[in-house]
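# Structural characterization, general
Each chain, written out:
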Amino acid sequence: MGGSSNAGGSLNFIHQIIEEDNKTGRFEGRVCTRFPPEPNGYLHIGHAKSICLNFGTARKYGGTCNLRFDDTNPEKEEQEYVDSIMNDVRWLLAGSASDGKPDPWDGLFYASDYFDQLYEWAVALTKKGKAYVCDLTPDQVRETRGTPNKAGENSPFRDRSVEENLKLLEGMKNGEFPDGARTLRAKIDMASPNINLRDPVMYRILRATHHRTGDQWCIYAMYDYAHGQSDSIEKITHSICTLEFEHHRPLYEWFIKELGIHAPQQIEFARLNLTYTIMSKRKLLRLVKDNHVSGWDDPRMPTISGLRRRGYTPESIRAFCERIGVSKYEGTIEMAWLEDALRADLNKKAQRRMAVLRPLKVVIDNYPETQIEELDAVNNPEYPSAGTRKVPFSRELYIEHTDFHENPPKGYFRLAPGKEVRLRWAYFLKCEKIIKDDAGNVIELRCTYDPTTKGGNAPDGRKVKGTIHWVSAHHAVPAEVRLYDHLCKVPFPEDVPEGQDFLVNLNPNSLEVVTAMLEPNLMNAAIGSSYQFERLGYFNVDKDSAAGKLVLNRAVTLADTWAKIEKKGK
RNA sequence: UGGGGUAUAGUGUAACGGUAGCACAACUGACUCUGGAUCAGUUUGUCUAGGUUCGAAUCCUAGUACCCCAGCCA
């Protein structure tokens, strides 16, 4: 479970604040957090950090954590997003609840649950002379707001009487004015150095159908007016959010104070950035809408649904969130961390199989033509309890094209002319002859095997350095395998030259599709199941699979020392 | 030119006046029927300049760099 600090015993700065509050009895020892997404897109790995932090913090201190949808903008929000978010949170936190409840959240709420209360409070603030109806157009509001270096000017409508304001506010609510004609604004200080305090808009007139309240309302609270009070209503103690809301905090505190209601402590932390991908919801939406990817759950996407489809496990994502820690420093985590978390998890869980991604045919000349042997292969060397399976062996095999070199480079200990390797779980194999097509490409190898080496060991004690994987040609199950690489071709894709946008940094080779040959054991592999293809990586059965047609995604490759050596040689 | 934040190895994150630690990455080596995994080890760091102190990443002063803020988005 995420949330606690990564170094044993030490606390992250948020937990330090909480422990201090608990010590002083500030919230009677209660710890109540919430994860408050806007349902305007799919959750991504950055949200996972927040989810792990909020839920993890509540669990750590015996408190509660709510899931609340901040659905105050009906123009961008949809039920599809609500559903996907609940689904993703359930999946991410599955199995982590101590009480065995089906849903990980303690309370499920919507800001739209509070529309009536929020409006009542707006009336109360208006009565207090702390809010007014303003007739300025959006352009005029912008012009009179001032700049960071220049104070704003008061709206000419700022001093309307309470009676008039009340009447106009009710009129706004009752649909008497066109969209955008008026707003309700907080009366604070147009000269504040904090622009959020320069009479911010509380309500706008907007005739849009809300995914939950339908056409009941034609005015909608702004996020800044809704968020703090929603936290207050839920008696949240620690309202954890990202850094950009830091200078909104005085505004939230102003509303809470004027209303005289429960005051949560807002704490801001740095959002997650990852190399070789993008995290902006707006940009992710664009990738989906413009078909740069197949959807929100495209395995190249940093979305939770994309990672799930790619083959990431909830445990690996939680471990990742735990390890990256939490601070106010806006850094960028290397993608290798995420990949490492997956490998660490799957190395223990995934059964091993053999699969050949780029088949090269091998004929074993001295192996009986019609003979087939069932050889024993270990399912997971990490856990012998995972057992063994039978793998058919015959005269014609496929091996990996990259496991053969006609002119092997120095240090290469796979197959080459006249060289001997071990076939995993089978026999020693020696390359005798190369067969090429007219263009000079190697298309087949004629080899011999040593029948005394069955199982992979030579009775004469001779050693081979290389062990390669293989599949019996006649038993092989063809499958579509999708080889994924980073979404972006550079570590910081959002850094683009003037006038260009991040699309120029999309990785054109982020997906390569091959027809692979799998060992027959995989024939009926279940959708969503993960395997390690020996020497290649971890693969997950995709939902596009159908009877007789397997589709697999490569979640992550194995660490590849040889590839590193090869690269260095160049 | 205003306000709010943040600076510790390549990347993150600890150390809360007392030996700068951990993880990932990189590099060595051992082991290995996965060039996987595992194990052992190595390299690399306190933004700068002053000051306080027996002692400073930590306290003080002055700088520097980077991020955020001028939606009727969240």
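Residues numbered from 1 in each chain as written. Chains lettered and ligands numbered in written order. Predicted model: local features only at pLDDT ≥ 70, side-chain atom pairs only at ≥ 80, totals over all residues. Heavy atoms only, no water.

## Quick word on unusual backbone geometry
Selection rule: The helix count covers DSSP runs of H or I at least four residues long, the strand count covers runs of E at least two residues long, and both are numbered beginning at the N terminus. The cut-offs for exposure are 20% and 50% of the maximum accessible area for each residue type, with area from a 1.4 Å probe on protein chains only; residues under the lower value are buried, those over the upper are exposed, and the others partly exposed.
The phi torsion at Lys 235 lies on the positive side, around 55 degrees, for a residue other than glycine. Within the secondary structure, Lys 235 is located in the loop between helix 7 (223-233) and strand 8 (238-242). For Lys 235, a relative accessible area of 42% translates into the label partly exposed.

## As for the protein's contact with RNA strand B
The criterion, for reference: We define proximity as follows: a residue is near a molecule or strand when any one of its heavy atoms falls within 4 Å of that partner. Pairs of N or O atoms within 3.5 Å make up the polar contacts considered here, provided that, within protein, one atom can donate a hydrogen while the other can accept it, and that residues adjacent in sequence are counted only when both atoms are side-chain atoms. Each residue gets one label: Ala, Val, Leu, Ile, Met, Phe, Trp, Tyr, Cys and Pro are nonpolar, Asp, Glu, Lys and Arg are charged, and the others, such as Gly, are polar.
As a structural note, the neighbourhood of RNA strand B is formed by 69 residues, with Gln 16, Thr 332, Arg 352, Arg 414 and Gly 455 the closest of them. Ser 327 places a polar side-chain atom, nitrogen or oxygen, 2.4 Å from a phosphate oxygen of RNA strand B. The separation between a base nitrogen of RNA strand B and a polar main-chain atom of Gly 411 is 2.8 Å. Looking at the surface near RNA strand B, the elements with two or more residues in it are helix 5 (138-144), strand 6 (201-205), helix 11 (314-324), helix 12 (335-349) and helix 13 (561-569). The residue inventory of the surface near RNA strand B, partitioned by class, reads 22 nonpolar, 25 polar and 22 charged.

## Quick word on the sheet that holds strand 21 (residues 477-484)
Where we set the bar: Here, any two strands with at least 2 DSSP bridges between them count as paired. Note on definitions: a residue-residue contact is assigned when non-hydrogen atoms from the two residues lie within 4.5 Å. Only the stretch in contact is used when a helix axis is fitted, and all axes are lines through C-alpha atoms; the angle between N-to-C directions ranges over 0 to 180 degrees.
Taken in spatial order, the seven strands make up an open sheet running 10-23-24-25-21-22-11, and their pairing is mixed. Across the chains shown, the open sheet's two edge strands, defined by having one partner strand only, are strand 10 (351-353) and strand 11 (355-356). Two strands pair when backbone bridges link them, and strand 10 and strand 23 (residues 530-533) are joined in this way by three bridges, in the parallel orientation. By the bridge assignment, Gln 351 is partnered in strand 23 with Tyr 531. Along the sheet, helix 12 contacts strand 10, strand 23, strand 24 (537-541) and strand 25 (550-557); its crossing angle with strand 25, the most-contacted strand, is approximately 120 degrees.

## Regarding the packing of aromatic side chains
For the record, the criterion: Pairs were defined over the aromatic rings of Phe, Tyr and Trp, the Trp ring being its six-membered one, requiring ring centres within 6.5 Å. Orientation was assigned from the angle between planes: stacked under 30 degrees, edge-to-face over 60, tilted for the rest. Charges are assigned to positions over rings by a cutoff of 6 Å between ring centre and Lys NZ or Arg CZ, combined with an angular limit of 35 degrees from the ring normal.
The tally for this structure, following the rule as stated, stands at 19 aromatic pairs. Through a chain of ring-to-ring contacts, the aromatic side chains of Phe 115, Tyr 119, Tyr 203, Trp 217, Tyr 220, Tyr 225, Trp 254 and Phe 255 assemble into a single cluster. Geometry around Tyr 110 places Arg 212 over its ring, the cationic atom sitting 3.5 Å from the centre. The side chain of Arg 308 reaches across the aromatic face of Trp 91, ending 5.1 Å from its centre.

## A look at the side chain of Ser 305
For Ser 305, the location among the structural elements is in helix 10 (residues 304-310). Here Ser 305 is in contact with Tyr 42, Asp 88, Trp 296 and Asp 297, once residues within four sequence places are set aside.

## Quick word on the confidence of the model for chain A
Fine structural detail should not be taken from predicted coordinates in areas where pLDDT scores are low. Here is the rule we go by: By definition, pLDDT measures how confident the predictor is in each residue, and it falls between 0 and 100.
This prediction gives chain A a mean pLDDT of 96; 98% of its residues lie at or above 70. Low pLDDT (under 50) marks residues 1-8, which in the prediction has 27 contacts with non-local residues, meaning those over four places away or in another chain. As a predicted assembly, this complex carries a pTM of 0.96 together with an ipTM value of 0.97.

## Considerations on the packing of helix 11 against helix 12
Formally: An angle below 35 degrees is treated as roughly parallel, one above 145 as roughly antiparallel, one from 65 to 115 as roughly perpendicular, and anything else as oblique. It is the rotation of the near helix from the far one that decides the hand of a crossing: anticlockwise by less than a right angle makes it left-handed, clockwise makes it right-handed.
Where helix 11 meets helix 12, the axes come as close as 8 Å, and the angle between the chain directions of the two elements is 135 degrees. Relative to helix 12, the element helix 11 lies oblique. The hand of the helix 11/helix 12 crossing is right-handed. Residues Glu 315, Ser 316, Phe 320, Arg 323 and Ile 324 of helix 11 lie in contact with helix 12, whose contacting residues are Trp 337, Leu 338, Asp 340, Ala 341, Leu 342, Asp 345 and Lys 349. Among the residues making up the contact of helix 11 with helix 12, the classes are represented as six nonpolar, one polar and five charged.

## Some remarks on the nonpolar core
Our working definition: For this analysis, a nonpolar core means a set of buried residues of the types Ala, Val, Leu, Ile, Met, Phe, Trp, Tyr and Cys, connected via side-chain atoms within 4.5 Å.
Membership of the largest hydrophobic core comes to 41 residues, with the highest contact counts inside it found for Ile 45, Ile 51, Val 89, Leu 92, Leu 274, Ile 317 and Phe 320. Of all elements in the fold, only helix 2 (45-60), strand 2 (64-69), helix 3 (79-93), helix 10, helix 11, helix 12 and strand 25 reach the threshold of two or more residues within this core. Aside from chain neighbours lying at most four places away, what touches Phe 320 is Ile 45, Leu 272, Leu 274, Ile 333, Trp 337, Leu 338 and Ala 341.

## Digging into the environment of His 292
Mapped onto the fold, His 292 is located in the loop between helix 9 (281-289) and helix 10. On the basis of relative accessible area, His 292 is assigned to the partly exposed category, the value being 34%.

## Some details on the sheet that holds strand 2
Strand order across the open sheet formed by three strands is 1-2-3, with parallel pairing between neighbours. Unpaired on one side and paired on the other, strand 1 (32-35) and strand 3 (107-110) mark the two borders of the sheet. Taken over all neighbouring pairs, the strand axes of this sheet differ in orientation by 30 degrees on average, direction set aside. On the sheet, helix 2 packs against strand 1 and strand 2 and is oriented at approximately 160 degrees with respect to strand 1. Here helix 3 sits on the sheet in contact with strand 1, strand 2 and strand 3, set at roughly 160 degrees to strand 2.

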